[in-house]
Amino acid sequence: MNARTFPADFLWGTATAAYQIEGAATEGGRGPSIWDTYSHTPGRTQGGDTGDVACDHYHRWAEDVDHLDRLGVDAYRLSISWPRVQPGGSGPLNPEGVAFYRRLLQALRDRGIRPYVTLYHWDLPQELEDAGGWTDRRTSEAFAEYARHMATELGDLVDAWTTLNEPWCSAYLGYGSGVHAPGRTEPAAALAAVHHLNLAHGLAARAIREVLPGAQVSVTLNLHAIRPADASSAADAEAVRTIDALANRAFLGPMLDGAYPQDLLAGTAHVSDWSFVHDGDLELVRQPLDVLGVNYYSTVTVRHFAGDGERSENDGHGASGHSPWIGVTDVEFVEQPGPYTAMGWNIEPSGLTDLLVGLHRTYPDLPLAVTENGAAFDDELVLDGGVRRVHDDRRVAYLHDHVEALGVARDAGADVRGYFAWSLMDNFEWGYGYSRRFGILHVDYPTGERTWKDSAHWYRRLVTSGELPPVDAVAPWSPGR
Ligand code: FCB
């Protein structure tokens, strides 16, 4: 059988996020974000880990650009730390912060690596949270101003702009279940956050295009691949619809169709009247998208829940006793068949195919990119004849099978133009701290040393050839070969 090949213009990249890698939390004029506050609050993150130092990318960025160059990727998806460039979330910019990103972006361009910049990967300036955070529409307006500033300051160096990363997490985990910053557990506030994030996306997309008329603008969603426990059950199909409304259509609806789904509004009416949606908002939210970013890790399976006993809510996003599924009482999450990653997430590449093909059917003209996909495993650093190696076969298999699944979606007509592996390097995995390693580069946290895992060697082969290598193609690469 011939190896699967991808066209030469298919975009291969890796992804990271500012708070997860930069460190230097109080250096260079950076202000505090909600993740600084949250991670410094006892009991919030595993082991009390914080992003204070992280991968020290703020100081080691040049070395990290070298790694990207050696990997041979076409693009690098990074995020800008809002509190680094605008410490209070409004008001003056911090020139040192802007200069940091200009240096980084320029270094990427010098190597022919296209910067894909996400404006918000969860690090809201603390001052804005103190004034209401995403429950307040002034945060959406502040975000648009910040986006306008970034377009002005960095527009000449950025290839594509992503407004938000996974607003689902920001709203429901941040304000619903509280397992993410700011750690609030207020169901109505979570719905207000959904809307203000949607509004922030629309306002920012418009602001970017006002400054840069030809800008490529996108948003990244963690769309859920939802399956019914019993494919023949009408009640389970209804459970899928309920979760799909909150997880997927709460964002796709306003962003792409200009409306919130009726079933979402009806299903949450006992929690909120949605009066935070003002006249004219929906026209603002719906802005043309050059590409839709999709993050994919695993599937969820749901069933109708009729009883009044204990309801299983294990959707893979951590439990706090407060549900991220606002207003839902008649759905439960069913244990997924394995295998699992170290996150406890099930490995099911066909979920990625289904998601991409489903999106293509609903939005046939919308180009897609997989902006995150990857897996955490308990990696072991070994010395092989004096050479540091990480034989992460399961991560290689995971990446291989998901790139193949993406290829299957393309075969079925989905216009998928890029793939970004999460992550370039091990980093601060939010509530899990440093206990979960997603990198294709291993990071030794005490020293900051980076080591290529087998998955990095394998990925290099994929991105430089455009051909899906077999899973055992992990021989170390050295320059000149
Ligand atoms: C996604 C986040 C990313 C990373 C991966 C594992 O939800 O966008 O920052 O934590 O999960």
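Peer 1: I tried to follow the overall build of the chain on my own but got confused; where do I start?
Peer 2: For the chain, the helix and strand inventory stands at 15 helices and 15 strands. For 481 residues, the compact-globule estimate of 2.2 N^0.38 gives 23 Å, and the chain sits close to it at 21 Å. Burial analysis of the chain (481 residues in total) assigns 61% to the buried set. In the chain, the share of contacts with a sequence separation of at least 24, taken over all contacts with a separation of at least 6, comes to 76%. When the accessible surface of the chain is totalled, it reaches about 17700 Å², and 50% of it is carbon and sulfur. Counting 38 positive and 66 negative side-chain charges, the chain places the centres of these two groups 5 Å from one another.

Peer 1: I would appreciate a short explanation of the packing of helix 14 (residues 393-411) against helix 15 (residues 454-465) in the present structure.
Peer 2: Angle between the axes and distance between the axes are the two parameters that describe a pair of packed helices. Where helix 14 contacts helix 15, the two axes come as close as 9 Å, and the packing angle between them is 30°. Regarding the angle of helix 14 to helix 15, the classification is roughly parallel. Where helix 14 approaches helix 15, its residues Arg-395, Val-396, Leu-399, His-400 and Val-403 are matched on the opposing element by Asp-454, Ser-455, Trp-458 and Leu-462. When grouped by side-chain class, the residues that make up the contact of helix 14 with helix 15 number 5 nonpolar, 2 polar and 2 charged.

Peer 1: How should I be thinking about the packing of aromatic side chains in this particular structure?
Peer 2: Across all of its chains, the model carries 35 aromatic pairs by this definition. Geometrically, the ring pair formed by Trp-122 and Trp-430 is tilted, given 4.5 Å between the ring centres and 45° between the ring planes. Placement of the pair is Trp-122 in the loop between strand 3 (114-120) and helix 6 (126-130) and Trp-430 in the loop between strand 13 (416-422) and strand 14 (441-444), with a sequence separation of 308 residues. Ring pairing ties together the aromatic residues Tyr-19, Trp-35, Tyr-38, Trp-122, Phe-428, Trp-430, Tyr-434 and Tyr-445, which thus form one cluster. Taking the ring centre of Phe-100 as reference, the NZ or CZ of Arg-84 above it sits at 5.9 Å.

Peer 1: Just to check I follow, could you spell out the side chain of Ser-272 for this structure?
Peer 2: By secondary structure assignment, the location of Ser-272 is in the loop between helix 11 (262-267) and helix 12 (281-285). Polar contacts involving the side chain of Ser-272 include one to the main-chain amide nitrogen of Trp-274, which spans 3.0 Å.

Peer 1: What's the story with the site of the ligand in this structure? I'm lost.
Peer 2: Neighbouring the ligand are the residues Gln-20, His-121, Trp-122, Asn-165, Glu-166, Tyr-297, Glu-372, Trp-422, Glu-429, Trp-430 and Phe-438. At 2.5 Å from an oxygen atom of the ligand is found a side-chain nitrogen or oxygen belonging to Glu-166. At 2.9 Å, a side-chain N or O of Trp-430 approaches an oxygen atom of the ligand. The residue makeup of the shell around the ligand, split by class, is 5 nonpolar, 3 polar and 3 charged.

Peer 1: Just to check I follow, could you spell out the pattern of salt bridges for this structure?
Peer 2: Pairing between side chains of opposite charge can happen when their charged atoms approach one another. Under the definition given, this model contains 34 salt bridges. In this structure, the salt-bridge partner of Arg-241 is Asp-263, at a minimum N-O distance of 3.8 Å. Here the residue Arg-241 occupies a position in helix 10 (residues 234-257), and Asp-263 occupies one in helix 11, the gap between them amounting to 22 residues. With relative accessibility at 22%, the residue Asp-263 sits in the partly exposed group. Look at the salt bridges and you will find they share partners, linking Asp-379, Asp-392, Arg-395, Asp-426, Arg-437 and Lys-453 into a network.

Peer 1: Just to check I follow, could you spell out the pairing of strand 3 for this structure?
Peer 2: Both faces of the sheet carry side chains from a regular strand, because those side chains alternate between them. Counting buried residues in strand 3 gives 6 out of 7 residues, a clear majority hidden from the surface. Sheet topology note: the strand 2 (residues 75-79)/strand 3 ladder contains 5 bridges and is parallel. Bridging across to strand 3, Ala-75 finds its partner in Arg-114.

Peer 1: Honestly, the environment of Asp-378 in this entry has me stumped. Any pointers?
Peer 2: Among the structural elements, Asp-378 can be located in the loop between strand 10 (368-372) and strand 11 (381-384). In this structure, the C-alpha to C-alpha distance between Asp-378 and His-224, residues 154 residues apart in sequence, is 25 Å. Apart from the residues within four sequence positions on either side, Asp-378 is in contact with Ala-342 and Arg-394.

Peer 1: Explain the sheet that holds strand 6 (residues 225-228) here, please?
Peer 2: Either a parallel or an antiparallel arrangement is found when strands of a sheet pair, and the pairing is made through backbone hydrogen bonds. With mixed pairing, 3 strands are arranged side by side in an open sheet as 6-8-9. Two strands lie at the open edges of the sheet, namely strand 6 and strand 9 (331-334), each paired on one side alone. The sheet shows a mean angle of 40° between the axes of neighbouring strands, direction not considered. Relative to strand 8 (residues 299-304), helix 10 is tilted by about 130°, and along the sheet it contacts strand 6, strand 8 and strand 9. Strand contacts of helix 13 (residues 350-362): strand 6 and strand 8, with the helix running at about 105° to strand 6, the strand carrying the most contacts.

What counts and how
Residues numbered from 1 in each chain as written. Predicted model: local features only at pLDDT ≥ 70, side-chain atom pairs only at ≥ 80, totals over all residues. Heavy atoms only, no water. Helix = DSSP H or I, 4+ residues; strand = E, 2+ residues; numbered from the N terminus. Rg over C-alpha atoms; globule rule 2.2 N^0.38 Å. Buried < 20%, exposed > 50% of the residue type's maximum accessible area, 1.4 Å probe, protein only. Contact = heavy atoms within 4.5 Å. Areas by Shrake-Rupley, 256 points an atom, 1.4 Å probe, with all protein chains shown as cover. Lys, Arg positive; Asp, Glu negative; His and termini not counted. Charge placed at Lys NZ, Arg CZ, Asp CG, Glu CD. Axes fitted to C-alpha atoms, helices over the stretch in contact; angles between N-to-C directions. Parallel < 35°, antiparallel > 145°, perpendicular 65-115°, else oblique. Nonpolar A, V, L, I, M, F, W, Y, C, P; charged D, E, K, R; others polar. Phe/Tyr/Trp six-rings, centres within 6.5 Å; stacked < 30°, edge-to-face > 60°. Lys NZ or Arg CZ within 6 Å of the ring centre and 35° of its normal. Polar contact = N/O pair within 3.5 Å; in protein donor to acceptor, adjacent residues only side chain to side chain. Near = heavy atom within 4 Å. Salt bridge = Lys/Arg side-chain N within 4 Å of Asp/Glu carboxyl O. Pairing = 2+ DSSP bridges.

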